[in-house]
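Architecture at a glance
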Protein chains: 2
Amino acid sequence: MYTIGQLSKKTGVTVRTLDYYDEIGLIKPSSKTEGGHRLYMDNDVMTLERVLALKYMGFSLEKMKDVLNESTSTWQQSIQHQLEMVQREQDRLKTLEQALTGISYAIEFEGEINWSMIFGTIRLFQQAPEDALQQYKGYLSDEEMRKIMDINAGMSEDDIAEWTGIIHDIKNNLEIDPGSEKAQQLAERWMNQADNMFEQDEELLSDMWEALQNLKEGIAFYPMDQDVINFIERALTIKYAHREVKK
Amino acid sequence: MYTIGQLSKKTGVTVRTLDYYDEIGLIKPSSKTEGGHRLYMDNDVMTLERVLALKYMGFSLEKMKDVLNESTSTWQQSIQHQLEMVQREQDRLKTLEQALTGISYAIEFEGEINWSMIFGTIRLFQQAPEDALQQYKGYLSDEEMRKIMDINAGMSEDDIAEWTGIIHDIKNNLEIDPGSEKAQQLAERWMNQADNMFEQDEELLSDMWEALQNLKEGIAFYPMDQDVINFIERALTIKYAHREVKK
DNA sequence: TGTTGAATCGCACGTAACGTGTTGTTATAT
DNA sequence: ATATAACAACACGTTACGTGCGATTCAACA
């Protein structure tokens, strides 16, 4: 038999919280003094412990009222719902983390806040990955799109830093001669990272590259406008022509 | 030059939201009609787009007021703070997911809601992983504790299902003869899963096992009380004695 | 039994980011 | 000039409590 203050000390829950749980009918003390002071019995303490457990699991107080009186099968349903919510939220946070990382590197490389890059990055991540790849329909097969989604989801912080860095460097050198050594280096750096991401899958890379060349808004991993794509294309064309001649 | 309704249609933000942003001073229209109707200029539209970007990044409206006027360096700080928050939240959700998964399997195996198992699971996951392992201090080295933390964090759903299932089955057979075939099978199943989790690291497994035997409240992966530990110990003792004889 | 100090009750307002609804006013189309 | 649409301004609701507030009630002491 505890007063509200004693129960509060025992469990670490504030008096106001217990007051509130009483108010909304979640934990009503089984007894009261003549003067109206609340008296909590072991029964109520048990309910409180269960409420705290459900709270940790992320249930709302309103749902607890239902769940606490429900059968085992409904419990399973509720827990599965919670699990799905937790997983969806994790996915959301994961893509948000990638977006924030990309933005952070972009600001670091450029030394100032590039809003159009931020908008592009967010547009890229905001839509579901499937939708983001819809623009590639016709260029890539369903399986290829799924592969790219997986690659994208598994991108490490270093990958993000490298992509952001390359694209930034290329943007700063759009006007240089595509045949110059610097342009060649930049294009090769891009290719290296692309190879790195696609691992062995040369076919996937070339399909993706073809799609990029034909699309007006080329977005791969990070916002990459037509300027950048054209630059890389010109540089690579010269590079391979060069190699042919050497052969 | 947009009225509030036109801006709403253009951006998909509700009129009430724009009203609210005006009210709290986040986006004040740069012009008004004689009658007091709000007129948003391109300037304001830009601010709104930035606000939406920051919203996606998880900033509060209050912080946006500061951030929108700040310099690049403070921006980096704010983004880093957001990143840390996102990562902490991901960690929290990951352990919550494990806890929910374990509870779900326990309910499925037992066919009813076992509150003491739920409390045990939550106690195990609620505290930071470092704290949870403090009880093993003296039995395990710092490096071993870190290894266990990693193993724990990487536990798959199948692992959780198997642990929960084994412990449940053992609890239901506490009174059978440790030398009986069923007891031997249960103990072996436990050992298999333990080997599986610890991979090659036999030393780590035996250190952990020694710790479990000496602790009053043995908790490894899932709440496992002394009964269960004793059962496994007795069964394994007989098993190895048996093997010695065979040799 | 009276008194005092601590505990408690019940109430109200505040939080974040709006949704919903109402009343009164302004803008626009006819 | 009038009908109708759009708008401003306000209020209350949402979630899970925190933070007071004055008015009891309890427990202990005299």
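Each chain has its residues counted from 1, running along the sequence as written. A letter from A marks each chain and a number from 1 marks each ligand, given out in the order of writing. pLDDT decides what is reported in this predicted model: residues at 70 or higher carry local features, side-chain atom pairs at 80 or more are listed and counted, and totals for whole chains, interfaces and linings draw on all residues regardless. Hydrogens are left out, water is left out, and the side-chain values use all remaining heavy atoms of the structure.

1. Quick notes on the environment of B:Gly25
Residue and element names in this part refer to chain B. A run of H or I in DSSP becomes a helix once it reaches four residues, and a run of E becomes a strand once it reaches two; helices and strands are each numbered from the N terminus. When you line up the elements, Gly25 lands in the loop between helix H2 (15-23) and strand E2 (31-32). Buried, partly exposed and exposed residues are distinguished by accessible area as a fraction of the type maximum, computed with a 1.4 Å probe on protein chains only: under 20%, between the cut-offs, and over 50%, respectively. Judged by relative accessible area, Gly25 falls into the partly exposed class, the value being 35%. Considered as a pair, Gly25 and Phe231 are 206 residues apart in the sequence and their alpha carbons are 67 Å apart.

2. A closer look at the protein's contact with DNA strand D
With respect to spatial proximity, 18 residues lie near DNA strand D, and among them A:Tyr21, A:Gly35, B:Thr3, B:Gly5 and B:Arg38 are the closest. When atoms of DNA strand D within 4 Å of the protein are sorted by moiety, sugar and phosphate together comprise 76%. Within the side chain of A:Tyr21, an N or O atom sits 2.9 Å from a phosphate oxygen of DNA strand D. Within the residue set of the surface near DNA strand D, elements represented by two or more residues are helix H2 (15-23) of chain A together with helix H1 (4-11) of chain B. Ranked by residue count, the leading element in the surface near DNA strand D is H2(A), at four residues. As a working rule, the residues Ala, Val, Leu, Ile, Met, Phe, Trp, Tyr, Cys and Pro are called nonpolar, Asp, Glu, Lys and Arg charged, and the rest polar, with Gly in that last group. Here the surface near DNA strand D is built from residues that sort into four nonpolar, 10 polar and four charged. The rule for a residue being near a molecule or strand is that one of its heavy atoms must lie within 4 Å of it. Any pair of N or O atoms that falls within 3.5 Å is considered a polar contact. Within protein, one atom must be able to donate a hydrogen and the other to accept it, and sequence-neighbouring residues count only if both atoms are side-chain atoms.

3. Focus on the interface of chain A and chain B
A contact between two residues is defined here by any heavy atoms of the two lying within 4.5 Å. Taken together, the contacts link 39 residues of chain A with 39 residues of chain B. Note: buried area is the sum, over both parts, of the accessible area (probe 1.4 Å) each one loses when the two are combined. With both chains or domains summed, chain A and chain B bury close to 3700 Å², and 73% of this area falls on carbon and sulfur atoms. Summed over the three residues of chain A that lose the most area to chain B, namely A:Tyr56, A:Leu100 and A:Trp115, the buried surface amounts to 21% of that side. Salt bridge, as used here, is a side-chain nitrogen of Lys or Arg placed within 4 Å of a carboxyl oxygen of Asp or Glu. Where chain A touches chain B, the interface holds zero salt bridges. Considering every element that reaches the side of chain A that touches chain B, the biggest residue donor is helix H5 (residues 72-110) of chain A, with 23 residues. Looking at side-chain class alone, the side of chain A that touches chain B contains 21 nonpolar, 11 polar and seven charged residues.

4. Details of the packing of aromatic side chains
Classification of ring pairs uses Phe, Tyr and Trp, with its six-membered ring standing for Trp, and accepts pairs whose centres are within 6.5 Å; under 30 degrees between planes counts as stacked, over 60 as edge-to-face, and the remaining range as tilted. If you walk through the whole model with that rule in mind, you get 12 aromatic pairs over all chains. Measuring from centroid to centroid gives 6.5 Å for A:Tyr20 and A:Tyr21, while their planes differ by 45°, and the two rings are tilted. For A:Tyr20, a relative accessible area of 35% corresponds to the partly exposed category. One aromatic cluster is present, formed by A:Trp75, B:Trp115 and B:Phe119 through successive ring pairs.

5. Some thoughts on the protein's contact with DNA strand C
Lining the immediate surroundings of DNA strand C are 18 residues, of which A:Thr3, A:Gly5, A:Arg38, B:Thr14 and B:Tyr21 lie closest. In DNA strand C, atoms within 4 Å of the protein come from the sugar-phosphate backbone in 76% of cases. In the environment of DNA strand C, a phosphate oxygen lies 2.9 Å from a nitrogen or oxygen atom belonging to the backbone of A:Gly5. B:Thr14 places a polar side-chain atom, nitrogen or oxygen, 2.9 Å from a phosphate oxygen of DNA strand C. Of the residues belonging to the surface near DNA strand C, the class tally is four nonpolar, 10 polar and four charged.

6. A short note on the domain arrangement of chain A
Annotation comment: domain bounds sourced from an automatic or database domain assignment. According to the domain assignment, chain A contains domain 1 (2-69) and domain 2 (90-246). Relative to domain 2 of chain A, the C-alpha centre of domain 1 of chain A lies at a distance of 55 Å.

7. Some thoughts on the packing of helix H8 (residues 142-153) of chain B against helix H11 (residues 202-214) of chain B
Residue and element names in this part refer to chain B. Only the stretch in contact is used when fitting a helix axis, every axis being a line fitted to C-alpha atoms; angles between N-to-C directions are given from 0 to 180 degrees. Where H8 meets H11, the axes come as close as 11 Å, and the angle between the chain directions of the two elements is 95°. Judged on the interaxial angle alone, H11 and H8 are roughly perpendicular. Here Glu144, Lys147, Ile148 and Ile151 of H8 come into contact with H11, specifically with Glu203, Leu204, Asp207 and Met208. Its residues assigned to classes, the contact of H8 with H11 shows four nonpolar, no polar and four charged. When describing relative orientation, an angle under 35 degrees is termed roughly parallel and one over 145 degrees roughly antiparallel, while 65 to 115 degrees is termed roughly perpendicular and anything else oblique.

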